[in-house]
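If you want the building blocks of each chain, they are given just below.
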Amino acid sequence: MKAVPIHTNWGEHKCFDAIIRCIDHRISGEEVAEALNEALDDQRKIVRADDITGAGVSLAVLKDEYWPLIRDEVRVAVEKHGVKRFLLLDHHDCGAYGGVDKFAGDLVAEREFHIAEMHKAKDKLLAFLMELDASDVEVLLFYWGEHQLEPVE
Ligand SMILES: [Zn+2]
């Protein structure tokens, strides 16, 4: 192995957004930010974003054993980086939830399950943001489906 040049922009650690996504390599950084920006439509676009990952996304927020890791990263994002918007996305065929097989290939049931989980995760995140005195921070939900990324109301 050897040292190689890198081209990181060290300019600014402050950022407006943080993306909360799965560790799954299929949901990778650059593609996610690009798709989210398209989905954001006429809303403020992502310029820089912290990246918070947890296996299962909503599962990592909701399960007691994973929550401390997510919680601490959310705290750093808000208190140190000034994040004002979290974008949380669950995804199709998430192994942490048993993949698409758990739903016997029923993509509608899978999507509905994840939407319900994301709403629970959002409630938990909003409660924690209140504790941090950061009730002005938004949490937006998105579902990374088999063929499209969609905003979840
Ligand atoms: Zn996953």
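Preceding this paragraph is the structure being described.
Residues numbered from 1 in each chain as written. Predicted model: local features only at pLDDT ≥ 70, side-chain atom pairs only at ≥ 80, totals over all residues.

(A) The arrangement of the overall build of the protein in detail. Within the protein, the regular secondary structure consists of 4 helices and 5 strands. Order of helices (α) and strands (β) in the protein, N terminus to C terminus: β-α-β-α-α-β-α-β-β. Relative to the 2.2 N^0.38 estimate, which gives 15 Å for 153 residues, the radius of gyration of the protein is 16 Å and therefore close to what a compact globule would have. Overall, the protein is about 45 × 45 × 35 Å in size when its C-alpha atoms are taken along their principal axes. (Helix = DSSP H or I, 4+ residues; strand = E, 2+ residues; numbered from the N terminus. Rg over C-alpha atoms; globule rule 2.2 N^0.38 Å.)

(B) Expanded view of the environment of Leu87. Its place among the elements puts Leu87 in strand β3 (residues 85–91). Residues Leu87 and Glu138, spaced 51 residues apart in sequence, show a C-alpha to C-alpha distance of 8.4 Å. Leaving out residues up to four positions away in the same chain, Leu87 has contacts with Asp17, Ile19, Ile20, Leu36, Leu140 and Phe142. (Contact = placed C-beta atoms within 7 Å.)

(C) Structural view of the sheet that holds strand β1 (residues 17–21). Taken together, the 5 strands give an open sheet; going across it, the order is β2-β1-β3-β4-β5, and neighbouring strands pair in mixed fashion. Of all strands in the sheet, those bounded by a partner on one side alone are β2 (49–53) and β5 (149–152). Neighbour-to-neighbour, the strand axes of this sheet turn through a mean angle of 25 degrees, independent of strand direction. As defined by bridge partners, β3 adjoins strand β4 (residues 138–144) across 7 bridges and the pair is classed as parallel. Directly across from Leu87, in β4, lies its bridge partner Leu140. Strands β1, β2, β3, β4 and β5 of the sheet are contacted by helix α1 (residues 29–39), whose axis makes an angle of about 115 degrees with β1. Strands β1 and β2 of the sheet are contacted by helix α3 (residues 67–79), whose axis makes an angle of about 170 degrees with β2. (Pairing = 2+ DSSP bridges. Axes fitted to C-alpha atoms, helices over the stretch in contact; angles between N-to-C directions.)

(D) Looking closely at α3. Between its first and last C-alpha, α3 extends 18 Å over 13 residues, near the 18 Å set by a 1.5 Å rise per residue. Turning to α3, its buried residues number three or more, namely Ile70, Val74, Ala77 and Val78. Mapping the buried residues of α3 onto a view down its axis gives an arc of 90 degrees, with all of them on the same face. Residues of α3 that are exposed and point over 90 degrees away from its buried face: Pro68, Asp72 and Glu79. (Expected span 1.5 Å × (residues − 1). Buried ≥ 20, exposed ≤ 12 C-beta atoms within 10 Å, placed from the backbone. Arc of directions from axis to C-beta.)

(E) A look at the nonpolar core. The biggest cluster of nonpolar side chains holds 31 residues, and the ones touching the most others in it are Ala18, Ile19, Ile20, Phe86, Leu87 and Leu88. When contributions to this core are tallied by element, the ones reaching two or more residues are β1, α1, β2, α2 (58–62), α3, β3, α4 (107–131) and β4. Residues contacting Phe86, with those up to four places away along its chain left out, are Ala18, Ile20, Leu125, Val137 and Val139. (Core = buried A, V, L, I, M, F, W, Y, C linked by C-beta atoms within 7 Å.)

It is worth stressing that arrangement in space is one thing and function is another; only the former is reported here.
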